[in-house]
Amino acid sequence: MKNRLEIAGLIDHTLLRADATEEEIVMLCEEAKKYGFFSVCINPSFVEKAAEVLSKTGVKVATVIGFPLGTSLTKVKVYEAIESVLNGADELDIVINPGLARANKWEAVEKEIALVIAATPGVTHKIIIETAYLKDDEKVRASLAVMNAGGEFVKTSTGFAPSGAVVKDVELIRSATKGAVGIKASGGIKSLKDVKAFVKAGATRIGTSSGVRIMEEIG
């Protein structure tokens, strides 16, 4: 398995609770600096503060777009994405509209993703397909939609749906995308054992609010 630094470098250190305070976000950023996490993943209202705290540290600032339902108007997602980048976001975790996916309106799904990506060049786009709501064939089609639209990552979950990341879903996404995009597993990942299982299945990034606990397990 990977060493301590490599594991830390896979982790998006996450705090997306609705009641999170600025003080907690600053603490999250300090933890990310201490352990060498790849990024912090936070709500858009805290991006500017996180970017300030993490300036020149190498830790990226990721934020969420259309979160957690994915049912915002496309123009709202585009605006939120643009403003987030202007405020200092390096990465955008964008929720698709699950209802469009379930209705097999894949052209609409791809178009929305592509519009957000086109409006925010120069940052990384991780597209949340919310696997909890999709059948296996829909998960495959959603992953292909992400690729077609130009997304750099397929992300499994928001962590706010009925279930989060599942190993077999990561395996399914890896098979569908054949290494053409990264895979972010998120939602319910709480231990080093979980991280190892998802990395083995094909995950190239891990979203978790338990990053400190995971690093303490390593010792």
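Residues numbered from 1 in each chain as written. Predicted model: local features only at pLDDT ≥ 70, side-chain atom pairs only at ≥ 80, totals over all residues. Heavy atoms only, no water.

Some details on the sheet that holds strand 1 (residues 11-15)
On the basis of which strands lie adjacent, the closed barrel formed by 8 strands has the order 1-2-3-4-5-6-7-8 and parallel pairing. In this sheet, adjacent strand axes meet at a mean angle of 25 degrees when their direction is disregarded. Direction of pairing for strand 6 (residues 153-155) relative to strand 7 (residues 182-186): parallel, over a ladder of 3 bridges. Each residue of the ladder has a partner; that of Val154, found in strand 7, is Ile183. Packing of helix 10 (residues 211-218) onto the sheet brings it into contact with strand 1 and strand 8 (205-208), and relative to strand 1 it is tilted by some 135 degrees. (Pairing = 2+ DSSP bridges. Helix = DSSP H or I, 4+ residues; strand = E, 2+ residues; numbered from the N terminus. Axes fitted to C-alpha atoms, helices over the stretch in contact; angles between N-to-C directions. Contact = heavy atoms within 4.5 Å.)

Considerations on the packing of aromatic side chains
The geometry of two aromatic rings is summed up by the distance between their centres and the angle between their planes. Applying the stated rule across the entire model yields 2 aromatic pairs. When the ring of Phe67 is compared with that of Phe160, the centres are 5.2 Å apart and the planes differ by 85 degrees; the resulting orientation is edge-to-face. Of the two residues, Phe67 is situated in the loop between strand 3 (60-65) and helix 4 (74-86) and Phe160 in the loop between strand 6 and helix 8 (167-177); the sequence distance between them amounts to 93 residues. For Phe67, a relative accessible area of 19% translates into the label buried. Given a relative accessible area of 47%, Phe160 falls into the partly exposed group. Its guanidinium or amino end placed over the ring of Phe38, Arg205 lies 3.8 Å from that ring's centre, counting from NZ or CZ. (Phe/Tyr/Trp six-rings, centres within 6.5 Å; stacked < 30°, edge-to-face > 60°. Buried < 20%, exposed > 50% of the residue type's maximum accessible area, 1.4 Å probe, protein only. Lys NZ or Arg CZ within 6 Å of the ring centre and 35° of its normal.)

Regarding helix 7 (residues 136-149)
A rise of 1.5 Å per residue sets the reference length of helix 7, with its 14 residues, at 20 Å; its end C-alpha atoms lie 20 Å apart and thus fit the reference within 8%. For helix 7, the full list of buried residues reads Glu138, Lys139, Ala142, Ser143, Ala145, Val146 and Ala149. Along helix 7, the residues classed as buried sweep out an arc of 155 degrees about the axis, all on the same side. Turned more than 90 degrees from where helix 7 packs its buried face, Asp137 and Asn148 sit exposed. Each element contacted by the buried residues of helix 7 is listed here: helix 5 (98-102), helix 6 (106-119), strand 5 (124-128), strand 6 and helix 8. Residue Gly150 follows helix 7 closely and has a positive phi angle near 100 degrees. (Expected span 1.5 Å × (residues − 1). Arc of directions from axis to C-beta.)

Thoughts on the nonpolar core
Val40, Ile42, Ile113, Ile129, Ala185, Phe198 and Ile206 are the most contacted members of the largest nonpolar core, which has 60 residues in total. With residues near it in sequence (within four places) discarded, Ile129 still touches Ile96, Leu134, Lys139, Ala142, Ser143, Val146, Val154, Lys155, Thr156 and Ile173. The next biggest cluster of nonpolar side chains, apart from the first, holds 7 residues, and it includes Leu16, Cys41, Ala62 and Phe67. (Core = buried A, V, L, I, M, F, W, Y, C linked by side-chain atoms within 4.5 Å.)

Brief notes about the pattern of salt bridges
Scanning all chains against the criterion turns up 18 salt bridges. Asp136 is the salt-bridge partner of Lys139, the closest N and O atoms lying 3.3 Å from each other. Highlighted residues: Lys139 and Asp136, both in helix 7, separated by 3 residues, approximately one helical turn. Its relative accessible area of 6% is what places Lys139 among the buried residues. Given a relative accessible area of 41%, Asp136 falls into the partly exposed group. A salt bridge links Asp169 to Lys168; the shortest N-O distance between them is 3.7 Å. Judged by its relative accessible area of 48%, Lys168 is partly exposed. One salt-bridge network, held together by shared partners, links Asp12, Glu91, Asp93, Lys126, Lys155, Lys184 and Arg205. (Salt bridge = Lys/Arg side-chain N within 4 Å of Asp/Glu carboxyl O.)

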